[in-house]
Amino acid sequence: MSDIACRELCKTFHQGGETITALDHVSLDIEEGSFVCLFGPSGSGKTTLLNALGGLDTPDSGAITVGGQRLDGLSRGELADLRLHNIGFVFQAYNLITVLTARENVEFIMQVQGVPAGERRALATRVLEEVGLAGLEGRRPGELSGGQQQRVAVARAIATSPALVLADEPTANLDSRSAAQLMDLFVTLNKERGVTFVISTHDARVMGYARRLIGMRDGLIVSDEQQQPHAMDV
Amino acid sequence: MNVTWVLAWRNLWRHRRRTWLTVAAMVFSNILLIFLVSLQLGSYQMMIDGSLAAFTGHIQIQHRDYHEQQHMYQDVPAVVDLATRVRALPGVEAASARAEAFALASSAERSFGILLTGVQPRFEPAVSTFPGKLREGRYLRDGDEQAIVIGAVLAQNLKVAVGDELTFLGSGRDGSFAAGVATVIGIIDSGLEEVDRSMAQVPLGWFQQVFAMGDAGHAVVVRAPSVDQVQATASALRSQPAPTGELVVLDWETLVPGLRQAIQSDMTSAWFTYGVLVVLVAFGVLNTQLMSVLERTREFGVMLALGMSPGRLARLVGIETLLLAGLGLGLGLVGGGLLSWYLSVAGFIYPGVEEMMERFMLGGRIYPEVSAVSMLIGPAAVFVGAMLAALYPALRLFRLRPVAAMQVA
Amino acid sequence: MSLPLAALGTLAWRNLWRNHRRTLIMLAAIAIGVWAMIFMAALMRGMTDQMVRNGLQTLPGELQLHQRDYRRDPSVVNSMEPPAGELLQVLQSAPVAGWAGRVRVPAVISSERGSRSVTLLGIDPEAEQALGSLPEDLFEGRGLEGKGDRGLVIGASLARRLETALGKRVVIMSQDPDNNVAERGARVVGIYRGRLQGDEDRFVYAGRAAVQELLGIGQQISEIAVSGNDYRRVDEWYPRIAAAAGSGLETLTWTELDPFLGSMLAVQDGFTLVFMVVVFLALSFGLVNTLVMAIFERVREIGLMQALGMRPGLILGQIMLESLFLLCLGLVAGNLLAVLTIAPLASGIDISSVAQGMEMMGMSATLYPALHVQDMLMSTAVVIILGLLASLAPAWRASRLDPVAALTRD
Ligand SMILES: Nc1ncnc2c1ncn2[C@@H]1O[C@H](COP(=O)(O)OP(=O)(O)OP(=O)(O)O)[C@@H](O)[C@H]1O
Ligand SMILES: [Mg+2]
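As the structure is a computational prediction, the values presented were derived from the model and not from experiment. (Residues numbered from 1 in each chain as written. Chains lettered and ligands numbered in written order. Predicted model: local features only at pLDDT ≥ 70, side-chain atom pairs only at ≥ 80, totals over all residues. Heavy atoms only, no water.)

Colleague: I would appreciate a short explanation of the overall build of chain B in the present structure.
Modeller: If you tally the helices and strands in chain B, you get 17 helices and 10 strands. Against the compact-globule benchmark of 22 Å for 409 residues, chain B has a radius of gyration of 32 Å, which places it well outside the compact range. Principal axes of the C-alpha set define a box for chain B whose edges measure 100 × 45 × 30 Å. Counting the 409 residues in chain B, one finds 54% classified as buried. Restricting the contact set of chain B to residue pairs at least 6 apart, pairs at least 24 apart contribute 78%. As displayed, chain B offers around 17000 Å² of accessible surface, 60% of which is attributable to carbon and sulfur atoms. The average position of the 30 basic charges and that of the 33 acidic charges among the side chains of chain B differ by 20 Å. (Helix = DSSP H or I, 4+ residues; strand = E, 2+ residues; numbered from the N terminus. Rg over C-alpha atoms; globule rule 2.2 N^0.38 Å. Buried < 20%, exposed > 50% of the residue type's maximum accessible area, 1.4 Å probe, protein only. Contact = heavy atoms within 4.5 Å. Areas by Shrake-Rupley, 256 points an atom, 1.4 Å probe, with all protein chains shown as cover. Lys, Arg positive; Asp, Glu negative; His and termini not counted. Charge placed at Lys NZ, Arg CZ, Asp CG, Glu CD.)

Colleague: Can you walk me through empty space enclosed by the protein in this structure?
Modeller: Any empty space left between the atoms is revealed when a probe the size of a water molecule rolls over them. Considering all chains together, one arrives at 6 cavities of 30 Å³ or more under this definition. Roughly 120 Å³ of internal volume is contained in the largest cavity. Contributing to the lining of the largest cavity are 17 residues, with B:Leu280, B:Phe283, B:Gly284, C:Ala282 and C:Gly286 lying nearest its centre. Only helix 2 (16-56) and helix 11 (257-294) of chain B together with helix 2 (20-58) and helix 10 (259-297) of chain C provide two or more residues apiece to the lining of the largest cavity. Across the lining of the largest cavity, the residue classes tally to 12 nonpolar, 5 polar and no charged. (1 Å grid on protein atoms, 1.4 Å probe; cavity = no way out; pocket = protein on both sides within 12 Å on 5 of 7 lines; lining within 4 Å. Points joined across faces, edges and corners; volume = space filled by probe spheres on them. Nonpolar A, V, L, I, M, F, W, Y, C, P; charged D, E, K, R; others polar.)

Colleague: Would you take a moment to explain the interface of chain C and chain A for this structure?
Modeller: Taken together, the contact pairs 26 residues of chain C with 27 residues of chain A. Connecting chain C to chain A are 2 salt bridges. Put simply, A:Asp81 and C:Arg311 hold a salt bridge, and the shortest N to O gap is 2.8 Å. If you look at where chain C meets chain A, you find 10 residue pairs in polar contact (both at pLDDT 80 or more). Where the side of chain C that touches chain A is concerned, the elements lending two or more residues are helix 1 (5-16), helix 11 (299-307), helix 12 (312-342) and helix 15 (403-408) of chain C. Of the residues forming the side of chain C that touches chain A, the biggest block, 6 residues, is contributed by helix 11 of chain C. (Salt bridge = Lys/Arg side-chain N within 4 Å of Asp/Glu carboxyl O. Polar contact = N/O pair within 3.5 Å; in protein donor to acceptor, adjacent residues only side chain to side chain.)

Colleague: Can you walk me through the domain arrangement of chain B in this structure?
Modeller: Interfaces are often described in size by the accessible area the parts lose on coming together. As far as domains go, chain B holds domain 1 (2-52 + 259-406) and domain 2 (59-223). The centre of domain 1 of chain B, based on its C-alpha atoms, is set 52 Å off from the matching centre of domain 2 of chain B. (Domains from an automatic or database assignment.)

Colleague: Quick question: what am I supposed to make of the pattern of salt bridges here?
Modeller: Should the charged atoms of two oppositely charged side chains come close, the side chains can pair. Taken as a whole and judged by the stated rule, the model has 39 salt bridges over all chains. Between B:Asp144 and B:Arg138 there is a salt bridge, with its nearest N and O atoms 2.9 Å apart. Judged by its relative accessible area of 14%, B:Asp144 falls in the buried class. Judged by its relative accessible area of 26%, B:Arg138 is partly exposed. For the salt bridge of C:Glu223 with C:Arg104, the shortest nitrogen-to-oxygen distance reads 3.2 Å. In this pair, C:Glu223 is assigned in strand 9 (residues 223-227) and C:Arg104 in strand 2 (residues 98-111), connecting sequence segments 119 residues apart. Three or more residues joined by partner-sharing salt bridges are found here, namely A:Arg103, A:Glu107, A:Arg120 and A:Arg121.

Colleague: Got a minute to help me understand the sheet that holds strand 7 (residues 164-168) of chain A in this structure?
Modeller: The strands that make up a sheet are held in pairs by hydrogen bonds between backbone atoms, and each pair lies either parallel or antiparallel. Residue and element names in this part refer to chain A. Taking strand neighbours across the sheet as the criterion, the 6 strands line up as 6-7-8-3-9-10 in an open arrangement whose pairing is mixed. On the outer flanks of this sheet lie strand 6 (87-90) and strand 10 (220-226), each paired with one strand and no other. Neighbour to neighbour, the strand axes of the sheet diverge by 15° on average, direction disregarded. By the bridge criterion, 4 bridges tie strand 3 (residues 35-39) to strand 9 (residues 212-217) in an arrangement that is parallel. Its bridge partner lying in strand 9, Cys37 is registered against Leu213. (Pairing = 2+ DSSP bridges. Axes fitted to C-alpha atoms, helices over the stretch in contact; angles between N-to-C directions.)

Colleague: When you look at the environment of B:Leu327 in this model, what are you seeing that I'm missing?
Modeller: Position of B:Leu327 among the secondary structure elements: in helix 13 (residues 310-346). Sequence-wise, B:Leu327 and B:Met26 are 301 residues apart; in three dimensions their C-alpha atoms are separated by 8.7 Å.

Colleague: I keep staring at the interface of chain C and chain B and nothing clicks. Help me out?
Modeller: In this complex, chain C contributes 61 residues to the contact, which on the side of chain B involves 61 residues. A combined buried area of about 5400 Å² lies between chain C and chain B, and 66% of that area is made up of carbon and sulfur atoms. Across the pair B:Lys159 and C:Asp73 runs a salt bridge, and its minimum N-O distance is 3.1 Å. Here chain C is connected to chain B by 13 residue pairs in polar contact (both at pLDDT 80 or more). Contributions of two or more residues to the side of chain C that touches chain B are made by helix 2, strand 2, strand 3 (114-123), helix 5 (156-162), strand 6 (169-175), helix 10 and helix 13 (355-360) of chain C. (Buried area = accessible area lost by both parts, 1.4 Å probe.)

Colleague: When you look at the sheet that holds strand 4 (residues 61-66) of chain A in this model, what are you seeing that I'm missing?
Modeller: All names here are of chain A. Taken in spatial order, the 4 strands make up an open sheet running 2-1-4-5, and their pairing is antiparallel. If you trace the sheet from one side to the other, it starts and ends with strand 2 (18-30) and strand 5 (69-70), each paired once. One ladder, built from 9 bridges, connects strand 1 (residues 4-15) with strand 2; its direction is antiparallel. Residue Leu9 lies in a different strand from strand 2, and its bridge partner there is Val26.

Colleague: Before we go on, may I ask you to explain the packing of helix 4 (residues 117-130) of chain A against helix 5 (residues 146-159) of chain A in this structure?
Modeller: Two numbers describe a pair of packed helices, the interaxial angle and the distance between the axes. Residue and element names in this part refer to chain A. At a minimum axis separation of 9 Å, helix 4 and helix 5 run at an interaxial angle of 130°. What the angle tells us is that helix 4 and helix 5 run oblique. Classified by chirality, the crossing of helix 5 by helix 4 is right-handed. Residues Leu123, Val127, Leu128 and Glu130 of helix 4 form the contact with helix 5, whose participating residues are Ala155, Ile158 and Ala159. A breakdown of the residues in the contact of helix 4 with helix 5 according to their chemical character gives 6 nonpolar, no polar and 1 charged. (Parallel < 35°, antiparallel > 145°, perpendicular 65-115°, else oblique. Left-handed = near helix turned anticlockwise from the far one by under 90°.)

Colleague: Can you help me understand the nonpolar core in this one?
Modeller: If you look at soluble globular proteins, the nonpolar side chains tend to sit buried side by side. All names here are of chain B. The biggest cluster of nonpolar side chains holds 86 residues, and the ones touching the most others in it are Met26, Phe272, Phe300 and Leu397. If near-sequence neighbours (up to four positions away) are discounted, Leu397 is found in contact with Val293, Phe300, Pro310, Leu313, Ala314 and Val317. Within the second largest apolar cluster, 58 residues are counted, among which are Ala97, Leu154, Met213 and Ala224. (Core = buried A, V, L, I, M, F, W, Y, C linked by side-chain atoms within 4.5 Å.)

Next up, the structure:
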């Protein structure tokens, strides 16, 4: 389902008379069950690419297929449904809905999906425990540390069993201990559930976890290699 | 220009949408208030003019008990002479003598009770609009005798037309039996059913003969140049040496107390409406200014830390509110002024309430009164309300502690 | 797809209290607005109700029957026979609560000191009781004691103007069917205070048989007044009576008899609605502003929800729910406030300082604000419908936010 294919993606931004090419004819295939890291200097187009893959942003030209489904031509609502059921997002920060507790944040998307209350509750408890947050379910985001917040976001992303998780610099705001824990969590989920991960990062230690490393610069893919993953030293 | 003012002005536009919405609320209320107040004042003016011009006049000189008791013998001696003298006084536009009696009017087929008025045919049209509402025949002339003009409904009830004869019976000034026969020479259709049902006018001289009044009458009806000048004219009349001690000068507020009170009771509900509008706008401003202060807590904290006094910050918020309210005031005045001015030319009709309007002498269109009062009273209240609303947000600044404020996310 | 209302509801409710000061201020504004709507409506309804009731007692009845030509030519000539047969049957059955046949003629009343033209009413006091048409406040003397009573009951103001008093004789003059002056001396047996001063001057009451005898019209009467005790529902039973009355008689409801009175209800409803809408419009700026601010503060969160897969419709629904909660809370507070402030006024507001002005409008010196469920519902409808309409624009904008731009907003 999570086979991703993009062909000739282009995206430009215009700012103050200047044209910025954020994606320059990017073509890319990612198989189901991959663990991919995007890296590259700031402004190289990582976020733009992730947003395009998740259907948050539409490229100027080119085609994206996620799990056999062409994204171009889908309405906003259909894109939303695709994300709701198949794709999980984890951002650098501000991942959570501030007025909801950790448990409610996890349950919220399932509730929108229409999962029955009992099932929802059980699942939320389980995934929160899985990400190491047992006992903190009732706290609101403001009462959690940055790392804990990120783990709630991950719990939320995996609770609905998406085939694909897109994570944009998920560790940027975390100390190295929390970052390592988060990455271990990702690896476990990837191995045990076959969830595809596409993670953008500046952090060399995060890159170590990836089985495939894609380098970007000025909107172009400049390197793409397989590697033997190795966990970071804490 | 002062830097504080520039800063205040820029701050205002940090949230364009919010500022415009707040200004729009003020403009809306201001336009509405200007419209309502000028309409209200305009219709009062018309109510007063219409009611008084119809029959009562602005001022009447009567026997001091006549207004209360209306007895035939409570009269004004030498009423025609008095009217002539009054007419010559400054501040008097017109004056006419009248005498009144209740009588039973009979035609060949029918009888009805009427209010018979003896009038001076030459001067009556200058104090009353009834003679002008003639539908058939002609109005009375000097020298007419045994002639009568009657209201249209009365004519219908009595089954008489112009040229028919009417007999009327009543009692004279001395209580004696009084009777007369007159030919209907005109029929008046004032549009007011109550009046057209009972009104009848005959020449004063003949009235005096029939009802044994001698040279007396019951009132000298006076018209001042305008309603506003009634008080001046009335005091001028009061300062004249009276021919007898029994006479009084009554202005319209005494003659038709219901009119002023109808206006007052209408005003009460109008003030309620205006008050509600102003309060609601003030709440809007309170909300906006409180938000704008709260969201700048951190910034204010820094300013305090840099040594700015809370007073200066409060002043800044005050100036911001002043600019905001000023904007609402200016735009509201322009909008409301244009609307009222247009309506004061084109007129305004309340749809569907014709019967009600007629009862208050407001036939057809109302022309709003555009004046400094009608333009400024509402917007000024909104302005003051807005400034008061800013007090709470501004005063909060005095409780602000720099360190705590800077830690606010 | 069913709307996950519970999820949106929790979210909307919590979001409402994120900025509790702003919410409370807006709530207060809505509550005051709603209070004003209902309070004004209650005052208006009190006024109209009183005007209509006073008017109906003067008319009297919600329905009147006359001889065909009577209204065009209100003379004793156009009298009618008392009801019989089918008409009598209908008049004596429900929903008619009371009816009375009366003689109504123009007359002149004279004392030694003056004369006035009046309306002479020849009545059957018992029958009038059911119509509530007799003056309630007998100031001096006694009321009429049956239709044969030969005395007169006159208004206090008329007595003053005629300088007559209880027990004195006056002369009443009217016209018989042959247009001869019919004249009779009668004793003033009662003096009443009317609801309106105009009534005191105008209406003189006498026993019906005595008036019929004076005018020489046998058993004939001028009008039949009918009441069903609810002026709003006349139209339901009016056709039955009209049919029984036949074509020789004219059957008219109060709205036709007194168009001024008839227009009152519509005018009041219209005015109340206009007032409510105007108050709401003044409120709506604040409401929209509150929503715009609430959305502005959480643009990022809205972007997040979009990224999580919430359809634009759900975002819109969430904002609308938030607005709905705010409106409902304001409505509850406003309605409570209205009930609490109107209840103590139920015994009437004294407005005697403007009594004569009120009389011009057909009302008396005490105003009874009338709290009607109908007005509360109307204000609720106005606030909810217009409130949601006003919220639609900001909510729509929120649902159309570009997720990427929203997420990167700081
Ligand atoms: N909304 C926008 N308007 C204008 N330019 C934009 C916008 N979003 C992105 N860009 C530009 O597009 C280019 C790619 O941006 P992108 O956010 O994808 O980079 P990135 O690789 O994620 O960088 P970083 O590592 O700093 O997050 C940059 O030059 C950026 O300035
Ligand atoms: Mg980025």
